[in-house]
Amino acid sequence: YFPKGTYILNAEANLTSNPYVHIFGDGPENTILNFGGCPSGSAFINVGNYSSIKALKIVGNAAGVVADLVTLTGNNIELEDLILNIGHFGVYANNRTDLTLKRVKTIGFRVAVGPNTAHGLFLEGSSTRNVILEYCSDIGSRSGWYIAGRDYVVTNALIDNSVFPADYGFEIYADNVT
């Protein structure tokens, strides 16, 4: 639990894929985590099965070298009431199932890493499925959301790249989504 305040993370918080880890604050307007850690790391990496991250604002490195702010390696994960700002990907997951993102706002993901463009959400893999995106938004990221897999439910989403138009001509790229 992170009570109201501003915190500095100087290294990745590696959750080592342990299940049932719950990280939460007093709301994204009250609990801010500034991540200036590894040049290619994640603020929270290896988020495991049945875990959750809620009620925080996570801000990436001002130099924009952070790869991902949250990297999911488990299934049945909840992300709720988050503001994710600056970096390569806000949330990254590959071949995960049963993900719920509610009121997750991604802002300004503009940093390309190698050949990969930047996205607020990057959910890939043909076995990614059963994903719920509810009241989520992206403002000003380089290419909005990339979602692949199947069985997505998206309600009340806002993608606005009018500040920084999408480099690749899309705000939501959906591949094989049913």
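Residues numbered from 1 in each chain as written. Predicted model: local features only at pLDDT ≥ 70, side-chain atom pairs only at ≥ 80, totals over all residues. Heavy atoms only, no water.

This part is about the overall build of the protein. Broken down by element type, the protein carries zero helices and 17 strands. A total of 178 residues make up the protein; the buried ones form 48% of that total. A fraction of 65% describes how many contacts in the protein between residues 6 or more apart in sequence connect residues 24 or more apart. For the protein, the computed accessible surface area is about 7700 Å², with 52% contributed by carbon and sulfur atoms. (Helix = DSSP H or I, 4+ residues; strand = E, 2+ residues; numbered from the N terminus. Buried < 20%, exposed > 50% of the residue type's maximum accessible area, 1.4 Å probe, protein only. Contact = heavy atoms within 4.5 Å. Areas by Shrake-Rupley, 256 points an atom, 1.4 Å probe, with all protein chains shown as cover.)

Of all eight residues in strand S6 (residues 52-59), six are buried, a share of seventy percent or more. The sheet contact formed by strand S3 (residues 22-24) and S6 spans three bridges and is parallel. By the bridge assignment, phenylalanine 24 is partnered in S6 with lysine 54. By the bridge criterion, three bridges tie strand S4 (residues 31-35) to S6 in an arrangement that is parallel. By the bridge assignment for S6, isoleucine 32 is matched with lysine 57. Direction of pairing for S6 relative to strand S8 (residues 77-85): parallel, over a ladder of seven bridges. Considered in S8, the bridge of lysine 54 is made with glutamate 80. (Pairing = 2+ DSSP bridges.)

The next point concerns the side chain of threonine 128. By the element assignment, threonine 128 lies in the loop between strand S11 (119-124) and strand S12 (129-134). Overall, the relative accessible area of 0% leaves threonine 128 in the buried class. A polar side-chain atom of threonine 128 sits 3.0 Å from the main-chain amide nitrogen of asparagine 95. Only 3.4 Å separates the side chain of threonine 128 from the backbone nitrogen of arginine 96, close enough to count as a polar contact. When residues no more than four places from it in sequence are discounted, the contact partners of threonine 128 are Asn94, Asn95, Arg96, Ala148, Gly149, Arg150 and Tyr152. (Polar contact = N/O pair within 3.5 Å; in protein donor to acceptor, adjacent residues only side chain to side chain.)

What follows deals with unusual backbone geometry. One non-glycine residue with positive phi stands out, namely aspartate 98, at about 55 degrees. One non-glycine residue, tyrosine 135, lies in positive phi territory at about 55 degrees. Structurally, tyrosine 135 can be placed in the loop between S12 and strand S13 (137-139).

Turning our attention to the confidence of the model for the protein. Averaged over every residue, the pLDDT of the protein is 81; residues scoring 70 or more account for 79%. For the protein, the element scoring lowest by mean pLDDT is strand S17 (residues 172-175), at 62; S3 scores highest, at 96. Considering only residues more than four positions removed or in separate chains, one finds that residues 163-169, a stretch of pLDDT under 50, has 14 contacts. (pLDDT = per-residue confidence, 0-100.)

This brings us to the pattern of salt bridges. All chains considered together, the criterion is met by four salt bridges. As a salt-bridge pair, aspartate 81 and arginine 103 come within 2.6 Å of each other at their nearest N and O atoms. With aspartate 81 in strand S8 and arginine 103 in strand S10 (residues 97-107), this pair connects stretches of sequence that are 22 residues apart. Within this structure, Lys54, Glu78, Glu80, Asp81 and Arg103 form a network of salt bridges that share partners. (Salt bridge = Lys/Arg side-chain N within 4 Å of Asp/Glu carboxyl O.)

Moving on, we get to the environment of asparagine 156. Inspection of the secondary structure assignment puts asparagine 156 in the loop between strand S15 (150-155) and strand S16 (158-160). It is 8.6 Å that separates the C-alpha atoms of asparagine 156 and serine 137, two residues lying 19 residues apart in sequence.

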